[in-house]
Amino acid sequence: MAKIGVIGSCSMDLVVTSSKRPGAGETVLGESFKTVPGGKGANQAVAAARLGAEVTMIGRVGEDGFGQEILNNFMANGVSVSNVEPVTDAESGTAHIVLAEGDNSIVVVKGANDRVTPEYVQMKSEVLRELDMVLIQQEIPEETVVLVSQLCSKFGIPLMLNPAPARAVPSEVIEKAAYLTPNQHEASLLFPDMNIQEALRMYPNKLFITEGSQGVRYYDGEKEVLVPTYKVEAVDTTGAGDTFNAAFAVALAEGKPVYESVQFANRAASLSVTKFGAQGGMPTRAEVEASL
Ligand code: RIB
């Protein structure tokens, strides 16, 4: 069983569905409102656990109702919460999501996720030594991402950086990560002085660019490869990227070849969009294997 550590955000998603996305200064009438667990880190942890990995989450929640729900949800999905400590002076993170016109718009309020500081992770660093792979994203402070890249490199643990939401990434982190999984926009921030083809060639079997419904592109050392996605009836695309990252990490940590791992991750991500909520459609291992 792959041992995966996720260092990142835990949030409550406040989701409104509407037939129309409001423009600046406009008010529209929505159709429904729901709160569901989310946050990129938590989503990746839950997705990896459903796919059969042993998952440890390193994160923070507020000492509030949302924080308790987030912890309960981790436990219900078999994710270890012994390194998710509540903070008393910040609210749990929230994501304010509008689902309209077939896509989402999201405003994230980081709250307690900003307390996933380098000092906090340093305190937990012994946990990392036991892992087969570490997953990290960018809803936590940048200095923490830098520290985790240093710790993983020191301990010899492969690090997968999902550089979302988009921001520039220090070159030290790019070099120390074993896998980078940006979308096209995030890739342009990671490699401002290169075009996509140059960046892919510079990082064979390390840089995997997600191109939405097109698929996932990487360079295998000899040629560029595009692994196509699967066509499904999408209900809610929130969390598809998180499912991809988690499934990719699980497959690689289990020793699957790169192409097969991307295929597995594409399949898991395609299933995840068929239900409402970031975690609503995240598949189990059996569901992915049955559909492959
Ligand atoms: O990647 C999807 C996630 O991004 C949502 O669950 C929301 O919490 C936002 O942070």
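Residues numbered from 1 in each chain as written. Predicted model: local features only at pLDDT ≥ 70, side-chain atom pairs only at ≥ 80, totals over all residues. Heavy atoms only, no water.

### Looking at the sheet that holds strand 10 (residues 179-180)
- Judged by pairing direction, the sheet is parallel, and its six strands sit side by side in the order 5-4-1-8-9-10 without closing on themselves. Of all strands in the sheet, those with a lone pairing partner are strand 5 (79-87) and strand 10, marking the two edges.
- With seven bridges joining them, strand 4 (residues 54-62) and strand 5 adopt parallel strand pairing. Paired with I58 across the bridge in strand 5 is N83.
- Taken strand by strand, helix 1 (residues 40-50) contacts strand 1 (3-7), strand 4, strand 5 and strand 8 (133-136), and its axis lies near 155° from that of strand 4.
- With respect to the sheet, helix 9 (residues 240-253) is in contact with strand 1, strand 8, strand 9 (159-161) and strand 10, its orientation differing from that of strand 8 by roughly 165°. (Pairing = 2+ DSSP bridges. Helix = DSSP H or I, 4+ residues; strand = E, 2+ residues; numbered from the N terminus. Contact = heavy atoms within 4.5 Å. Axes fitted to C-alpha atoms, helices over the stretch in contact; angles between N-to-C directions.)

### Observations regarding the site of the ligand
- As a matter of local geometry, the ligand sits amid D13, G38, G39, K40, N43, A95, V108, E139, T238, G239, D242 and A278.
- A distance of 2.8 Å separates an oxygen atom of the ligand from a polar atom in the side chain of K40.
- One of the side-chain N or O atoms of E139 is found 2.5 Å from an oxygen atom in the ligand.
- Bound to the protein, the ligand loses 95% of the 280 Å² it would expose on its own.
- Here the residues of the shell around the ligand sort into three nonpolar, five polar and four charged. (Near = heavy atom within 4 Å. Polar contact = N/O pair within 3.5 Å; in protein donor to acceptor, adjacent residues only side chain to side chain. Areas by Shrake-Rupley, 256 points an atom, 1.4 Å probe, with all protein chains shown as cover. Nonpolar A, V, L, I, M, F, W, Y, C, P; charged D, E, K, R; others polar.)

### Structural notes on the packing of aromatic side chains
- Counted under the stated rule, the structure contains six aromatic pairs.
- On the basis of an interplanar angle of 45° and a centroid distance of 6.3 Å, the ring pair of Y179 and F208 is categorised as tilted. On the criterion of sequence distance, the pair formed by Y179 in strand 10 and F208 in the loop between helix 8 (196-202) and strand 11 (209-210) is long-range, its members being 29 residues apart. The burial state of Y179 is the same as that of F208; both residues are buried.
- With centroids separated by 5.5 Å and ring planes inclined at 35°, the aromatic side chains of F244 and F248 adopt a geometry described as tilted. Taken together, the residues F244 and F248, both in helix 9 and four residues apart, mark about one turn of the helix. Each member of the pair, F244 as well as F248, carries the same accessibility label: buried.
- The ring centre of F276 lies 5.2 Å from the NZ or CZ of K34, which sits over that ring.
- The ring of F264 carries the charged tip of K256 above its face, separated from the ring centre by 5.5 Å. (Phe/Tyr/Trp six-rings, centres within 6.5 Å; stacked < 30°, edge-to-face > 60°. Buried < 20%, exposed > 50% of the residue type's maximum accessible area, 1.4 Å probe, protein only. Lys NZ or Arg CZ within 6 Å of the ring centre and 35° of its normal.)

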